[in-house]
Amino acid sequence: MKKGAVIILFFLLLPLSFAQNDLYSMDSLELELNVDGSFELAPTKSSASVKEVSADLLLYPQEDYRQKIAAWNSKGTIKEDLIYFFWDDQKIEKKEFDYNTVIQTQNKRLKVKEKSSFPLKPEDLQGLEQYLEPTETIDSNHPNIIAKAAELAEGENDLFKVVFKLASWVEENINYDLNTVTATASQKGSWVLQTRQGVCDEMTSLFVALARSLGIPARFVSGISYTNSQDVINAVGSNWAGHGWAEVYFPDYGWVPYDVTFGQFGWLDPSHLKLKEDVDSGASSAEYTWNARDAELTVGKTNIATTLLQTGSTEQQRVDLIIEPERASVGIGSYVPLIVTITNKQNFYLSSQVVITKAPKLTSSNVREISLAPHETKKLVWIAEIPADVAPGYIYTSTLEADANFAVPAEGKLQYGADEEVYTREAAQAFAETLNKKEEKEQLQDVSLACKPGKQKYYANEQAQITCTIKNTGGSLLEGTFCVGKTCQAIRVSAG
């Protein structure tokens, strides 16, 4: 029978954060930010008078390694982490305050190059005690928070991997839901854990609570970011919206950002403008004081407007990707494993979203989060379901595509037809489980071990001396316990 060839393209939803030349993929941006607010003094009696009044605007874009102020215009006075406005005109009226600034942001990061041990040591926490305590919203002392965090961190001694597990669990298990409950006030972390819903504030509060319950300093950050979520755009009327994310403290490195809503763990895209950091998510954006008699102060709305002025270049490639089917050709109705290999080209820890963007129907979500040690390679496996209701007499070819943060998309091919061997669901699942177990043990393949006795012969009951040489041939630092018989000691073996 003559066989034709049919090219079939299967498309899955591609997150806009991977689209080329969008704001998420830029290495830098120049943004104009306008912030204004108001309040009104109103007399309660005819004898009303006011001596002086002031406003502290707490939303101030301080400079750091990610953002720099290129231009500034305001009648207010900068005082550390706020802008101070003062009136002594003794007028009982509406008062307005504002600032205009141009900010340059960069896709820079604090590069965690060495393993930070977990749990943290007491000396690593000095001066950070306030970021370990529970608050009204970040209730890290709640039993359910403590239990979930302990479950996620069990058996792990690498701080970066622990924090990654907390962040990825929140992103994967909390449904982003902008409803009347989450829109009116920030809900407690324990409430988010129980209901499995929330927006950026709630998701971040839960993440921070989980971290603090494990003795990891974490804080809440308020700011602005770009969004392509239509729900948010409809709610605020702009692609730029108020946003909340977290920062986690790493000894010897400092405060590392984690945006669990955007899936950016250990880094932020340059559309993030940091305006405030605090121990709790429920903190106010402005504070007021007044010296008056028989007058009341009513607070107005704080408005924030962001304008894109200039974009930089596309962010450099930081990881390599390969996608390939476990079998190049299968029968119709098959379940075939798709293997994505990702390699960290950097000498520091990275996390990334990996997405299957083109493939036949998948049996699970097309998005995965992955954490990579310096120069580490990992394999991820998805299972694709090949349709059975296709016209006979043809060989079908499906294009496969995978993408990730800081990667060039990878492509592969998969063929199927009626005369090919069927790959069963059970066989595909068994392959995936075997590969996952192999990945868990792959670090051991990077260790060579050679032991020799101090001499060739020993007498009975004589204490023997054994010398062992351990070499780490992999790309990442290895730490653990080495045992000969019942004698064990901690080891730390550098890469190379």
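Presented here is an overview of the structure given in this document.

Scoring rules and cut-offs
- Residues numbered from 1 in each chain as written.
- Predicted model: local features only at pLDDT ≥ 70, side-chain atom pairs only at ≥ 80, totals over all residues.
- Heavy atoms only, no water.
- Helix = DSSP H or I, 4+ residues; strand = E, 2+ residues; numbered from the N terminus.
- Expected span 1.5 Å × (residues − 1).
- Buried < 20%, exposed > 50% of the residue type's maximum accessible area, 1.4 Å probe, protein only.
- Polar contact = N/O pair within 3.5 Å; in protein donor to acceptor, adjacent residues only side chain to side chain.
- Pairing = 2+ DSSP bridges.
- Contact = heavy atoms within 4.5 Å.
- Axes fitted to C-alpha atoms, helices over the stretch in contact; angles between N-to-C directions.
- Salt bridge = Lys/Arg side-chain N within 4 Å of Asp/Glu carboxyl O.
- Phe/Tyr/Trp six-rings, centres within 6.5 Å; stacked < 30°, edge-to-face > 60°.
- Lys NZ or Arg CZ within 6 Å of the ring centre and 35° of its normal.
- Parallel < 35°, antiparallel > 145°, perpendicular 65-115°, else oblique.
- Left-handed = near helix turned anticlockwise from the far one by under 90°.
- Nonpolar A, V, L, I, M, F, W, Y, C, P; charged D, E, K, R; others polar.
- Core = buried A, V, L, I, M, F, W, Y, C linked by side-chain atoms within 4.5 Å.

Further remarks concern helix α2 (residues 159-173). Helical periodicity: at 3.6 residues per turn, an α-helix aligns residues three or four positions apart in one direction. Here α2 is 15 residues long and its end C-alpha atoms lie 21 Å apart, about the 21 Å a rise of 1.5 Å per residue gives. Taken across its 15 residues, α2 has eleven buried, putting it largely inside the fold. Sitting at the amino-terminal end of α2 is Asp158, which places a side-chain oxygen 3.0 Å from the backbone nitrogen of Phe160.

Along strand β18 (residues 319-325), the buried face is formed by Val319, Leu321, Ile323 and Pro325; none of Asp320, Ile322 and Glu324, which line the opposite face, is buried. Pairing of β18 with strand β20 (residues 335-344), which is carried by seven bridges, proceeds in the antiparallel orientation. Following the sheet pairing, Val319 is matched in β20 by Asn344.

The strand order across the open sheet built from five strands is β13-β12-β11-β10-β14, with neighbouring strands paired in antiparallel fashion. The open sheet terminates on both sides in strands that have one partner only, identified here as β13 (264-265) and β14 (273-278). Pairing geometry for strand β10 (residues 218-226) and strand β11 (residues 240-250), over nine bridges, is antiparallel. If you follow Ser222 over to β11, its bridge partner there is Gly244. Contacts from α2 reach β11, β12 (254-259) and β13 within the one sheet, and its direction differs from that of β11 by about 150°. Along the sheet, helix α5 (residues 200-213) makes contact with β10, β11 and β12, crossing β11 at roughly 5°.

All chains considered together, the criterion is met by 14 salt bridges. Lys94 is paired through a salt bridge with Glu96; the nearest N and O atoms lie 3.9 Å apart.

Geometrically, the link from Phe118 to Pro119 is a cis peptide bond, its omega value of 0° lying close to zero. Topologically, Pro119 is positioned in the loop between β7 (94-106) and α1 (143-153). Residue Glu80 is not a glycine yet carries a positive backbone phi of 55°. Positionally, Glu80 belongs in the loop between β5 (77-79) and β6 (82-87). Owing to a relative accessible area of 73%, Glu80 belongs among the exposed residues under this scheme. With a phi angle near 60°, Phe406 is a residue other than glycine that sits in the positive phi range.

Enumeration according to the criterion identifies 22 aromatic pairs in this entry. Consider the rings of Tyr84 and Phe86, whose centres lie 6.3 Å apart with planes at 20°: the pair is stacked. On the accessibility criterion, Tyr84 (23% relative accessible area) is partly exposed. A centroid spacing of 5.8 Å and a plane angle of 35° characterise the contact between Phe207 and Tyr258, whose relative ring orientation is tilted. You can see Phe207 sitting in helix α5 and its partner Tyr258 sitting in strand β12, a full 51 residues away along the chain. Assigned by exposure class, Phe207 and Tyr258 land together as buried. Ring pairs connect the aromatic residues Phe39, Phe85, Trp87, Phe97 and Tyr288, which therefore count as one cluster. Above the ring of Tyr131, the side-chain terminus of Arg219 is found at 5.7 Å from the ring centroid. Across the ring face of Trp382, the terminal group of Arg368 is positioned such that the distance to the ring centre comes to 4.2 Å.

Attention now moves to the packing of α1 against α2. The N-to-C vectors of α1 and α2 enclose an angle of 125°; their axes lie 9 Å apart at closest approach. Taken together, the axes of α1 and α2 lie oblique to each other. Crossing angle aside, the handedness with which α1 passes α2 is right-handed. Within the contact between the two elements, α1 uses Lys148, Ala149, Leu152 and Ala153 and α2 uses Val162, Lys165, Leu166 and Trp169. Of the residues that constitute the contact of α1 with α2, the class distribution is six nonpolar, no polar and two charged.

Residues Val170, Leu206, Phe207, Ile216, Phe250 and Tyr258 are the most contacted members of the largest nonpolar core, which totals 41 residues. Counting only elements with at least two residues in this core, the list comes to α1, α2, α4 (189-195), α5, β11 and β12. Of the residues forming this core, the biggest block, nine residues, is contributed by α2. The contacts of Ile216, once residues within four sequence positions are left out, are Phe118, Leu120, Tyr131, Leu132, Leu159, Val162, Val163, Ala211 and Val248. Val354, Leu372, Tyr396 and Ala404 belong to the second largest nonpolar core, which has 32 residues in total.

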